[in-house]
Amino acid sequence: MKISQLAQSIEPSATLHLNQTAASLKAQGEPVIHLGGGEPLSKSPDSAITGAEQILQTGEIRYGPVDGIAPLKEAIVDYTEQFYGRRVLPDHIIASAGAKQSVMLALQAIVNPGDEVVFCSPYWVSYPDMVRLAGGVPVIVGPQDGLRPRLDDVRDALTPKTKAVILNSPSNPSGLIVSREFVAELVKLCESRGLYLLMDDIYHRLQFDGREPISAYAFSNAAQDDTQLIILNGVSKTYAMTGFRIGWAIANPTVRKAMARIQGHTTSGPCMVSQHAAVGALRGPQDAADQLRSQLERNRDVLVEEFRTIPGAALTPPDATFYCFPDFSAVDPDSMKLAEMILKTVKVVVVPGTAFGLDGHHRISTCGSEAQLREGLARIRWAVSADGPREIEIAGKRFAKL
Ligand SMILES: Cc1ncc(COP(=O)(O)O)c(C=O)c1O
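Note that the structure is predicted; figures quoted are calculated from it, not measured.

Let us now look at the overall build of the chain. Tallying secondary structure elements over the chain gives 13 helices and 14 strands in all. Here the C-alpha coordinates of the chain stretch approximately 65 × 55 × 55 Å along the principal axes. Within the chain, the fraction of its 402 residues that count as buried is 57%. Considering only contacts in the chain between residues 6 or more positions apart, those separated by 24 or more positions represent 74%. Summed over its atoms, the accessible surface of the chain is roughly 17,200 Å², and 51% of this surface lies on carbon and sulfur atoms.

A separate point is the packing of aromatic side chains. Tallied over the entire structure, the rule returns 11 aromatic pairs. Seen from their ring centres, tyrosine 84 and tyrosine 217 are 6.1 Å apart, and the 65° between their planes marks the pair as edge-to-face. Of this pair, tyrosine 84 sits in helix H4 (residues 70-84) while tyrosine 217 sits in the loop between strand E6 (196-200) and strand E7 (229-234), placing them 133 residues apart in sequence. Across this residue pair, the class does not change: tyrosine 84 and tyrosine 217 are buried.

This next bit is on the site of the ligand. By nearness alone, every residue bordering the ligand is listed as Gly98, Ala99, Lys100, Trp124, Asn168, Asn172, Asp200, Ile202, Tyr203, Ser236, Lys237 and Arg245. Within the side chain of aspartate 200, a nitrogen or oxygen atom sits 2.6 Å from a nitrogen atom of the ligand. Surface burial for the ligand is 93%, taken as the share of its 390 Å² of free accessible area covered by protein chains. Of all the elements, helix H5 (residues 98-110) adds the most residues to the shell around the ligand, at three residues. Of the residues belonging to the shell around the ligand, the class tally is four nonpolar, four polar and four charged.

Below, the discussion takes up the pairing of E6. The side chains of a regular strand alternate between both faces of the sheet. Of all five residues that make up E6, five are buried, and the element is covered over most of its length. Where burial is concerned, the two faces of E6 agree: the one with Tyr196, Leu198 and Asp200 and the one with Leu197 and Met199 are both buried. On the question of chirality, the crossover connecting strand E5 (residues 162-168) to the parallel E6 by way of helix H8 (residues 180-193) is right-handed. Where E6 and E7 come together, four bridges link them in parallel fashion. In the sheet register, methionine 199 faces E7, and the bridge partner there is isoleucine 231.

A separate point is the sheet that holds strand E2 (residues 93-96). If you trace the seven strands from one edge of the open sheet to the other, you get E2-E8-E7-E6-E5-E3-E4, paired in mixed fashion. Two strands bound the open sheet, and with one partner strand each, they are E2 and strand E4 (137-141). Looking at each pair of strands side by side, their axes are set apart by 20° on average, direction ignored. Where E5 meets E6, five bridges bridge the pair, whose relative direction is parallel. In the strand pairing of E6, asparagine 168 is matched with aspartate 200.

Moving on, we get to the pairing of strand E13 (residues 391-394). When E13 meets strand E14 (residues 397-400), the two strands line up antiparallel, connected through four bridges. Among the inter-strand pairings, glutamate 391 is bridged to a residue of E14, identified as alanine 400.

Moving on: the sheet that holds strand E12 (residues 362-365). Spatially, E9-E12-E11 is the arrangement adopted by the three strands of the open sheet, whose pairing is antiparallel. Looking at strand neighbours, the two that pair on one side only are strand E9 (323-324) and strand E11 (351-352), the edges of this open sheet. Bridging between E11 and E12 involves two bridges; their strand directions are antiparallel. By the bridge assignment for E12, valine 351 is matched with arginine 363.

With 14 residues, H8 extends 20 Å from end C-alpha to end C-alpha; this agrees with the ideal 20 Å at 1.5 Å per step. Buried within H8 we find Phe182, Val183, Ala184, Leu186, Val187, Leu189 and Cys190. Where H8 is buried, its residues contact helix H7 (151-157), E5 and E6. Positioned one or two residues after H8, glycine 194 has a phi angle of 70°, which is positive.

Attention now moves to unusual backbone geometry. Between serine 121 and proline 122 the backbone carries a cis peptide bond, its omega angle lying at 0°. Here proline 122 is to be found in the loop between strand E3 (116-120) and helix H6 (127-133). Looking along the chain, the bond that leaves serine 169 and enters proline 170 is cis, with omega of 0°. Summarising the element assignment, proline 170 is placed in the loop between E5 and H8. Although it is not a glycine, arginine 245 sits at a positive phi angle of roughly 65°. Relative accessible area serves as the criterion here: at 34%, arginine 245 is assigned to the partly exposed category.

Within the secondary structure, lysine 73 is located in helix H4. Note on lysine 73: relative accessible area 8%, which makes it buried. With near-sequence residues (within four places) excluded, lysine 73 lies in contact with Asp67, Gly68, Pro90 and Ile93.

Moving on, we come to the environment of tyrosine 63. Considering the arrangement of structural elements, one finds tyrosine 63 in the loop between helix H3 (46-58) and H4. Tyrosine 63 sits 276 residues away from alanine 339 along the chain, and the two C-alpha atoms are 44 Å apart. The residues contacting tyrosine 63, other than those within four sequence positions of it, are Ser268 and Met272.

Glancing now at the nonpolar core. Leu72, Val165, Val183, Leu186 and Leu282 are the most contacted members of the largest nonpolar core, which totals 56 residues. Ranked by size, the runner-up nonpolar core spans 32 residues in total, among them Val32, Ile33, Ala339 and Val349.

The rules we used
- Residues numbered from 1 in each chain as written.
- Predicted model: local features only at pLDDT ≥ 70, side-chain atom pairs only at ≥ 80, totals over all residues.
- Heavy atoms only, no water.
- Helix = DSSP H or I, 4+ residues; strand = E, 2+ residues; numbered from the N terminus.
- Buried < 20%, exposed > 50% of the residue type's maximum accessible area, 1.4 Å probe, protein only.
- Contact = heavy atoms within 4.5 Å.
- Areas by Shrake-Rupley, 256 points an atom, 1.4 Å probe, with all protein chains shown as cover.
- Phe/Tyr/Trp six-rings, centres within 6.5 Å; stacked < 30°, edge-to-face > 60°.
- Near = heavy atom within 4 Å.
- Polar contact = N/O pair within 3.5 Å; in protein donor to acceptor, adjacent residues only side chain to side chain.
- Nonpolar A, V, L, I, M, F, W, Y, C, P; charged D, E, K, R; others polar.
- Right-handed = clockwise from strand over helix to strand, strands pointing away.
- Pairing = 2+ DSSP bridges.
- Axes fitted to C-alpha atoms, helices over the stretch in contact; angles between N-to-C directions.
- Expected span 1.5 Å × (residues − 1).
- Core = buried A, V, L, I, M, F, W, Y, C linked by side-chain atoms within 4.5 Å.

So, in structure tokens, the structure goes:
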């Protein structure tokens, strides 16, 4: 059976195998702790649920405008003014089925075959395949010095074929942010070279230590009608609404319309019920989002405390999000092998760094409860220690080294 060259060019999910092993261990009654997740586990805000319920009550759930309903676009206009300091027009906005689809549509709207799209490693797992799906060539800038990207490395990666740069800060998988100066310089660099800059801001409100979201608009000289900045965001992470699937892009009207044409022929537009839920979240009280941020910050502190005593692991403390990306290469440079060992020995799921373009590291999520996090890390501590007992009891469960 032949499949297309395009389908063949897409990598299978590096984490699928681990998730399947985890699911089968769980089905056998094993005490699996999942530190591999990528979504908040708190409840979506009441205002989102009410928004969805109200439209459901009408019993009339029809097709809507391809690029999103007017109340959602207006709510995004206000949100952008509040968090980015710029009042954009509804004509600059397109809502989609999650920020993931917004990124994909943006790439499809701007990338020609062979165009290069630059982003930094460790990167969000979907970028390389999204660029390939759009016909482009992913150009990955490796970290040189710590996990934060360096502007010189981005500059060095640009060629006449470069069409766009993607920046994801706060980062999945590292939880790190770049500085205001970095954003300012990157905006200037892209504007001076006529490049698109895709700002994947999906985690921008989940920052710690009093940090505020950084707005790329603050450093851009371009008018909104010609800007090559594309802002990507959504309700999934900030409002614990991953299952609703609502994200958006803010772009110049030409790009926005091109994205809408593609969306019109692929999904016809985002789910109407979810759009009303998103309006509820954006317009409603913001305390659920604030509480989520505070809880994640507490979990970050637990993480830092626990990592001090994990032998062979080097953690760069995250500035934001529910991820961290510790270096376990002193324990085993092969992250897939180590992740499998950790899962089999102590039933903890972590995601190997290869999924994010950097072996030797692992993505560990702090989405769950503090108790789960502490127990998961205690199990990992024992599993990666060369010394100590061959068997151990942690929180009433017995584990033995393989
Ligand atoms: C960096 C990044 N961008 C975009 C997304 C997509 O978010 P969604 O499609 O749920 O809105 C994710 C989700 O994991 C992400 O980590």
